[in-house]
Amino acid sequence: MEKEDLKIINKGEEDEMELQGYRLCRWRLGLVGLGVLCTGGFLLLLLYWMPEWCVKATCTRTTVRDAQVVLLQSTDEFKRWFLAKVRVMLAPGRRPFDSLETPAGVNGHVPNPSDTPAQEFIKKYAEYQPTQIRYFTLHSTKYYWNDVVQNFEALLGLEDLQVNCSTIHSEHSTGLTSNQQEYRRLFFGVNEISVKVPSVFKLLIKEVLNPFYIFQLFSVILWSADEYYYYAIAIVFMSVISITTSLYTTKKQYVMLHDMVAAHSVVRVSVCRANNETEEALSTDLVPGDVVVIPSNGTIMPCDAVLISGTCIVNESMLTGESVPVTKTNLPNPGHAQGDKASEDDTPYSTEEHKRHTLFCGTHVIQTRFYSGELVKAVVVRTGFSTAKGQLVRSILYPKPTDFKLYRDAYLFLLCLVAVAGIGFVYSIVLSIMNKVPAKTIIIESLDIITITVPPALPAALTAGIVYAQRRLKRIGIFCISPQRINICGQLNLVCFDKTGTLTEDGLDLWGIQRVENGSFQPSEEKAYKESLVKSQFVACMSTCHSLTKIEGQLSGDPLDLKMFEATGWILEEATEEETSHHNLIMPTVVRPPKQLLPPEPTASTEQDMELYELSSAYEIGIVRQFPFSSALQRMSVVARLLGEKRMDAYLKGAPEVVASLCKKDTVPENFAGVLEDFTKQGFRVIALAHRRLESKLTWHKVQNVNRDHIEANMEFLGLIIMQNKLKAETFGVLENLRKANIRTVMVTGDNMLTAISVARDCGMIPPQDKVIIADALHPRDGQAAKITWRYADKPSQSPPLEVNYRDVEISLEDVCHANKPKTQEEQYHFAMSGKSFAVITEHFQDLLQKLVLHGTVFARMAPDQKTQLIEALQGVDYFVGMCGDGANDCGALKRAHGGISLSELEASVASPFTSRTPNISCVPSLIREGRAALITSFCVFKFMALYSIIQYISVTLLYSILSNLGDFQFLFIDIAIILVIVFTMSLNPAWKELVSQRPPSGLISGPLLFSVLTQIIICLGFQTIAFLWVRHQHWYEIWTPQSDACNITTYGNFSPEHNSSEDLDHHNIKNYENTSLFYISSFQYLIVAIVFSKGKPFRQPSYKNWPFVLSALSLYIFLTFIMFYPVAAIDDFLEIVCVPFEWRITLFCVIVVNAAVAVFVETFVLDVVLWKLVFSRDKQGSYGVTSAATPTHQVGKSDMSHSLSLSPLSGALVPLFSFLLFPSHLTLCVTTSSRMCFLCASRAGGGGVLHSSLSMITFRLYALLSDFHFIAPSSQWLQ
């Protein structure tokens, strides 16, 4: 089929997918049905597990337009497949926003005034030729066929129209008719976020059809056929418990999520109709374009809507994690303005760009502000799963996979085990045929080899370590809604920190003010609370230019605004509803100074004079209109009026550079840049103020509709407010610990560049002797290409004369380092850049971006989406990235990072996988330590389970050579009493008390781990083979029969020959000397490898501190030693072991001791001491990611490689050659080794790369112990 039939949906978005069309094929369906019958249903299972095979086996390819079934594949690194059935809907129009109004008399139908709206709608259906609309549903989103673009598209809402702000006011502010609403509901559906709770039967079928349980069923049938009933019953019992637990957990979590989503999803709302009437309706009836009235006492928003009149105070903690109320103002209407400026400002409406005017679904409207005769109205823009809340719920219902090298390697390892099983399978068949064994026995015993090699308890065992780690994290106040990420946190080698509220205290303290008079700075003053300043414009700006409001009598709002206002000592009063309804022009908010600050007036003599005096002495300022703070504009402004004045004043505050650019040049001091730089270098947060007297023609009504750009121009510069943002007490120590552990730290903040650099120096992120180079990137303009200029942060005059344009992106960073003068050996270079520069570099210098982020330490003035882009850029050079923030502006970055941790008081935040109740960064090392412990536990458990299956495989294979096998109860004892007990207790080791510089390997396919597993396999194979062959060369050896009495030939003859007597015939030839010898040897081998693999330092506490494990291992050692040296008839009969001479028992014990000694010696001395240090370079392996600029080491590397590249002169030449030979088309290493500055550039051919380590959701079970959808519901607070 032609390539053009491959369509892309959700292009450029996170859930972008390729789409192919298919039609059902009858003859293919018939063949598949026949195949299902022939394979006993196994083919049906295979097609259920592989949706792409299912579609391709039963359908033929066709155009997407004519498709009956669509096959979709995600375009990310996981390439997941989905299928969906295309359905057909009849509607009177093709698009939801088409007008249904028809002129009277069309087709002979004249609207009858007596018709009800429903009847009228039905008649209007008859006016149109019914149109067939094709659509499919995937992940709670409907995709409709669009003839114009010849593709399926998801309908989001009003934004699909790309309406301008003025159009929303002019065309969408009157509301919809009932007919229009019903028509749109055909497309957008009911406005609800429905989380359907599946029935227990459906969950059971889905659970049982997992490959793991199908394999279990196959094993049980096989064992039953071989009369291994007890072991089969034990496995069935374990599986039933596992399935029941999983069903209960999954059902409970579905119910929890359903209840939390449904709690406030259906409310009664007032809807404005097109005929200027208001009617009550259920929120489920809302569609995009409806106009709703926001009640004055507040509500929970049932949809996303944009304010077109009035103001709302909203709590958006569900979205941002920040409970500070936010003021939402009505959407500006550029249509009221005149001239070209109006058309420039009339931009298309977007929920992201206009979020200050948008009320999001699930957020709590606390109160509204309105004026006489004017309701607070909002136009519905999105409904259902398209809303902000709906998208959050979708992200929980349909999580993105998390790929991790451990689990990828685990699948490879399992394939290796299957290959080993295949060898045993062939071996047993050949051996059985040579010995003329019956066909039934050959089939059963050959297949039994496979069930032995793949350990049935592996998924549960791997989950145990993560569950224990999650419990330990909860005890120290770190909550986790994504447990599978705990293992990934063990690999973190870079952590990004937000500044304000994370590294520094949340609250800002006023350090002082720097006023400007007559175009020059006045001396610094400590406080603004003084009589001489009470009537100054500076203090008036401080007291009015904010978004504070009173909620239940308490001032509430942004912490910076709160500190600034409190510093003035002024009082804020808000108008009551009664006052608002009685006066058209009432000022909603009034601020005034306390009476003691006002200058004393002459005392009044008469009562009449007293009234005049009180009126004249009242100094109050009313806030007429607010233009809220915008992170994109980096400023906010208000229009205010002094009581008794006719003209109004505009006050502006914001980032100093922005404010200065909006002021008249003669009002900005000449030394403005120098003074600002001095303050920011000291780590102060600086805010600039400005003022302008407005024209008298600007009345109250005109101000309500004026554009903010008209107000924020030709201002007079008032001065600076200097706020002090102190470091948290724990910050320095935590960053020092991370630096010692070779974990790089990066600051990502929305604050000023120089302030951020100063804080980075104060907290130790940038050592005192290191240099900081600021990269200033400029967009292309006036025909000139984009360029980058470099300057030193500490010595701006000594800027390196380097520029980069699009023709010269191969600039060597070594040149930047040497542009000025040679560095001393101790010096390191750090790059810093602003959000604007980051955007330019991302767009125009993509190759340079990877080099810059490898040594970039400070990223300032970063917008929320840029933080996410930075995380992705760092992951692009194969860092394992952690992100720590307060959740306010970091939601995207926290989600995208491998380990995002939010500092929030909420128990669980949807914004990040981890939430810490401790409001400082001390949680970061704790999380990494627990992650490392969980990761090492996973390695230990996997190695142990692999060895367990191989040891049992060796025993069975050796016994097959004499047509014997292990007994039913021997299997039962090994699997239940030894393996399950050991595997669940060896996972209990807590994390080591401190972070070390080494990092654990990220995958099983690494030198040390492979060497460890292979050497232990060889040791176990060797000692089992020795015992198996040696017993056959003993002088007392004979083919065992019930009459055999080997015990009586020894002088230690306290053993009764009755031990070997049995009236039951041994059909399976279980009882023999070889079986007994191998049972003892293998049972001890399980315990030996458990102890050898259960390592402590440097990532976990020593095993001797894990008392359940020590107690379990010791008890099993004692029990096995006891039954070996002092046989008990009942135990011997139960385990089907035979009596052997005492001297042979001594020999076996010696073999076991030597086996243990060799295993311990190889693992602890040969591997840990000799090979790891000499060959695997353990000390270097810990830092095989690019080292922190603050870490004085000559290392650079990749996080997914088990090699550390020490950059000696020789290796500097060999590394590129070595990498080219390994990955010629995927990876290029660009290494600069001089002057202790190392860079690594990874450039990928095609779309991926060998070393890509973007992570996705990990399944706990390798086959699927839990259900395909298994989430942990967060606390109810985020959804309310």
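Remember, it's a predicted structure, so these values are computed and weren't measured experimentally. Throughout this document, residue positions are counted from 1 along each chain, in the order its sequence is written. Residue-level local features of this predicted model are given only where pLDDT is at least 70; pairs of side-chain atoms are given and counted only at 80 or more, and the full residue set underlies all totals for whole chains, interfaces and linings. Heavy atoms throughout the structure, all of them, feed into the side-chain values; hydrogens and water do not.

Novice: What exactly am I supposed to notice about the overall build of the protein chain here?
Specialist: Helix and strand definitions follow DSSP, with helices as H or I runs of at least four residues and strands as E runs of at least two, each counted in order from the N terminus. The helix and strand inventory of the protein chain stands at 40 helices and 43 strands. The classification of residues rests on relative accessible area computed with a 1.4 Å probe and restricted to protein chains. Under 20% of the type maximum is buried, over 50% is exposed, and intermediate values are partly exposed. For the protein chain, buried positions account for 56% of its 1280 residues. Pairs at least 24 residues apart make up 75% of the contacts formed inside the protein chain by residues separated by at least 6 positions. Note that accessible areas follow from Shrake-Rupley with a 1.4 Å probe, and for residues the cover is restricted to the protein chains shown. Carbon and sulfur atoms make up 57% of the accessible area of the protein chain, which totals about 54,200 Å². Between two residues, a contact is recorded if the distance between any of their heavy atoms is within 4.5 Å.

Novice: Looking at this structure, I do not really get the sheet that holds strand β15 (residues 311–315). What am I missing?
Specialist: The pairing of strands in a sheet comes from backbone hydrogen bonds and takes either a parallel or an antiparallel form. Whether two strands pair comes down to DSSP finding at least two bridges between them. Spatially, four strands are ordered β13-β18-β15-β16 in an open sheet, and the strand pairing comes out antiparallel. Each having just a single partner strand, β13 (299–300) and β16 (326–328) make up the two edges of the open sheet.

Novice: Mind showing me how you'd approach the environment of F1125 here?
Specialist: Relative to the helices and strands, F1125 resides in helix α36 (residues 1107–1125). Its relative accessible area of 22% is what places F1125 among the partly exposed residues. Separated by 20 residues in the primary sequence, F1125 and R1145 place their C-alpha atoms 6.7 Å from one another.

Novice: Whenever I open this one, the packing of aromatic side chains confuses me. Can you help?
Specialist: The relative placement of two aromatic rings is captured by the distance of their centres and the angle of their planes. Two rings belonging to Phe, Tyr or Trp (six-membered ring only in the last case) form a pair when the distance between their centres is within 6.5 Å. Interplanar angles under 30 degrees mark stacking, angles over 60 mark edge-to-face geometry, and anything in between is tilted. Inspection of every chain in the model, using the stated rule, returns 31 aromatic pairs. Centre to centre, the rings of F215 and F218 are 6.4 Å apart; their planes meet at 40 degrees, and the pair counts as tilted. Taken together, the residues F215 and F218, both in helix α8 (residues 211–225) and three residues apart, mark about one turn of the helix. Under the relative-accessibility criterion, F218 is labelled partly exposed at 33%. Each ring, one from W1036 and one from W1144, has its centre 6.3 Å from the other, and the planes form 65 degrees; the classification is edge-to-face. Of this pair, W1036 sits in the loop between α34 (1007–1031) and α35 (1073–1093) while W1144 sits in helix α38 (residues 1142–1174), placing them 108 residues apart in sequence. Using a relative accessible area of 7% as the deciding quantity, one classes W1036 as buried. Using a relative accessible area of 1% as the deciding quantity, one classes W1144 as buried. Grouping aromatic residues by their ring pairs yields a cluster made of W1030, W1036, Y1037, Y1073 and W1144.

Novice: Any chance you could explain the sheet that holds strand β7 (residues 131–138) here in plain terms?
Specialist: What the four strands build is an open sheet, ordered β6-β7-β8-β9; its pairing is antiparallel. Each edge of the open sheet is held by one strand with a lone partner, namely β6 (87–91) and β9 (151–154). Taken over all neighbouring pairs, the strand axes of this sheet differ in orientation by 40 degrees on average, direction set aside. Where β6 meets β7, five bridges bridge the pair, whose relative direction is antiparallel. Along β7, the bridge assignment pairs A91 with T131. Note on geometry: axes are lines fitted to C-alpha atoms, helical ones only across the stretch in contact, with angles between N-to-C directions running from 0 to 180 degrees. Packed on one face of the sheet, helix α6 (residues 178–188) meets β6, β7 and β8 (141–146) and runs near 175 degrees to β6.

Novice: How do you make sense of the nonpolar core when you look at a structure like this?
Specialist: Looking at soluble globular proteins, one finds that nonpolar side chains tend to be buried together. What makes a nonpolar core is a set of buried Ala, Val, Leu, Ile, Met, Phe, Trp, Tyr and Cys residues whose side-chain atoms join them at distances within 4.5 Å. Membership of the largest hydrophobic core comes to 98 residues, with the highest contact counts inside it found for F944, M945, I982 and Y1073. Top element by residues in this core is helix α32 (residues 923–960). It accounts for 19 residues. Those residues in contact with F944 that sit more than four places away from it in its chain are I979, I982, V983, M986, Y1086, V1089, A1090 and F1093.

Novice: Got a minute to help me understand the confidence of the model for the protein chain in this structure?
Specialist: Atom-level detail of predicted coordinates should not be read off regions where pLDDT is low. Per residue, pLDDT measures the predictor's confidence, with a range of 0 to 100. Scored by pLDDT, the protein chain has a mean of 76; 77% of the residues are at 70 or more. Here residues 610–616 is modelled with pLDDT under 50, and outside its nearest four sequence neighbours on either side it reaches three contacts, counting other chains as well.

Novice: I keep staring at the pattern of salt bridges and nothing clicks. Help me out?
Specialist: Close approach of charged atoms allows side chains with opposite charge to pair. Any carboxyl oxygen of Asp or Glu within 4 Å of a side-chain nitrogen of Lys or Arg constitutes a salt bridge here. Taken as a whole and judged by the stated rule, the model has 26 salt bridges. R472 is paired through a salt bridge with E930; the nearest N and O atoms lie 2.9 Å apart. Of this pair, R472 sits in helix α15 (residues 458–475) while E930 sits in helix α32, and the two are 458 residues apart along the sequence. Exposure class is identical for R472 and E930. Each is buried.

Novice: It is not clear to me how a nonpolar patch on the surface should be interpreted in this structure. Could you clarify?
Specialist: Candidates for patches are residues over 30% relative accessible area with no salt bridge; among them, like charges are joined within 9 Å and nonpolar side chains (Val, Leu, Ile, Met, Phe, Trp, Tyr) within 5 Å. On the surface, a nonpolar cluster with roughly 360 Å² of combined accessible area is contributed by W27, L31 and L34. When you line up the elements, L31 lands in helix α1 (residues 26–38). Relative accessible area serves as the criterion here: at 51%, L31 is assigned to the exposed category.

Novice: What am I meant to see in the packing of helix α9 (residues 229–262) against helix α33 (residues 968–985) here?
Specialist: Packed helix pairs are characterised by how far apart their axes lie and by the angle those axes make with each other. The interhelical angle for the contact between α9 and α33, taken along N-to-C directions, is 35 degrees, at an axis separation of 7 Å. Contacts from Y229, Y230, Y231, A234 and M238 in α9 reach D968, F969, F971, L972, D975, I976 and L980 in α33. Polar here means any residue other than Ala, Val, Leu, Ile, Met, Phe, Trp, Tyr, Cys and Pro, which are nonpolar, and Asp, Glu, Lys and Arg, which are charged; Gly is therefore polar. Residue classes in the contact of α9 with α33 are distributed as 10 nonpolar, no polar and two charged.

Novice: I keep staring at the state of the cysteines and nothing clicks. Help me out?
Specialist: Linking two cysteines covalently via their sulfur atoms produces the bond known as a disulfide. Whenever a pair of cysteine sulfur atoms sits within 2.5 Å, that pair is classed as a disulfide. Under the counting rule described, the total for this entry stands at zero disulfides. Take C489: it sits in no disulfide, and the sulfur closest to it among the cysteines is that of C480, at 7.9 Å. On the accessibility criterion, C489 (0% relative accessible area) is buried.

Novice: Would you explain unusual backbone geometry in this entry?
Specialist: With the exception of glycine, the majority of residues adopt a negative phi angle, and the majority of peptide bonds are in the trans configuration. In this structure, P1098 follows K1097 across a cis peptide bond, with omega equal to 5 degrees. Position of P1098 among the secondary structure elements: in the loop between α35 and α36. Phi is positive for N10, close to 55 degrees, though the residue is something other than glycine. For S140, which is not glycine, the phi torsion reads 65 degrees and is therefore positive. Structurally, S140 is set in the loop between β7 and β8. A relative accessible area of 28% means that S140 is categorised as partly exposed.

Novice: What should I look at first to understand the packing of α8 against α9 in this one?
Specialist: For the pair α8 and α9, interaxial distance at closest approach is 8 Å and the crossing angle is 160 degrees. Here α9 runs roughly antiparallel to α8, going by the angle between their axes. Between α8 and α9 the crossing geometry is left-handed. Between α8 and α9, the residues in contact are Y213, Q216, V220, W223 and S224 and Y229, Y231, A232, I235, V236, S239, S242 and I243, respectively. In this scheme, roughly parallel covers angles under 35 degrees and roughly antiparallel covers those over 145, while 65 to 115 is roughly perpendicular and the rest are oblique. Take the far helix as the reference: if the near one is turned anticlockwise from it by less than a right angle, the crossing is left-handed, and if turned clockwise, right-handed.

Novice: Which parts of the structure should I look at to understand the pairing of β8?
Specialist: Both faces of the sheet carry side chains from a regular strand, because those side chains alternate between them. With five of its six residues buried, β8 lies for the most part within the structure. In terms of strand pairing, β7 meets β8 through four bridges, oriented antiparallel. Each bridged residue has a counterpart across the sheet, and for L138 the counterpart in β8 is T141. Counting the residues between successive antiparallel strands, the hairpin from β7 to β8 contains two residues, one of them, H139, with a positive phi of roughly 55 degrees. Across four bridges, β8 lies against β9 in antiparallel orientation. Note that in β9 the partner of Y143 across the bridge is A154.

Novice: Help me understand helix α14 (residues 439–453), please; the structure alone is not making it clear to me.
Specialist: Three- or four-residue spacings in an α-helix give side chains the same orientation, since the helix completes a turn every 3.6 residues. When the terminal C-alpha atoms of α14 are compared, their 22 Å separation across 15 residues agrees well with the 21 Å that a helix rising 1.5 Å per residue should span. Buried within α14 are the following residues: I442, I444, E445, S446, D448, I449, T451, I452 and T453. In this analysis, the expected span of each helix is defined as 1.5 Å times one less than the number of residues it contains.

Novice: How should the environment of V195 be read in this particular structure?
Specialist: Counting through the fold element by element, V195 comes out in the loop between α6 and α7 (200–208). Considering only alpha carbons, one finds V195 and D259, 64 residues apart in sequence, at a separation of 8.7 Å. Leaving out residues up to four positions away in the same chain, V195 has contacts with Y254, L257, H258, V261, V393 and L397.

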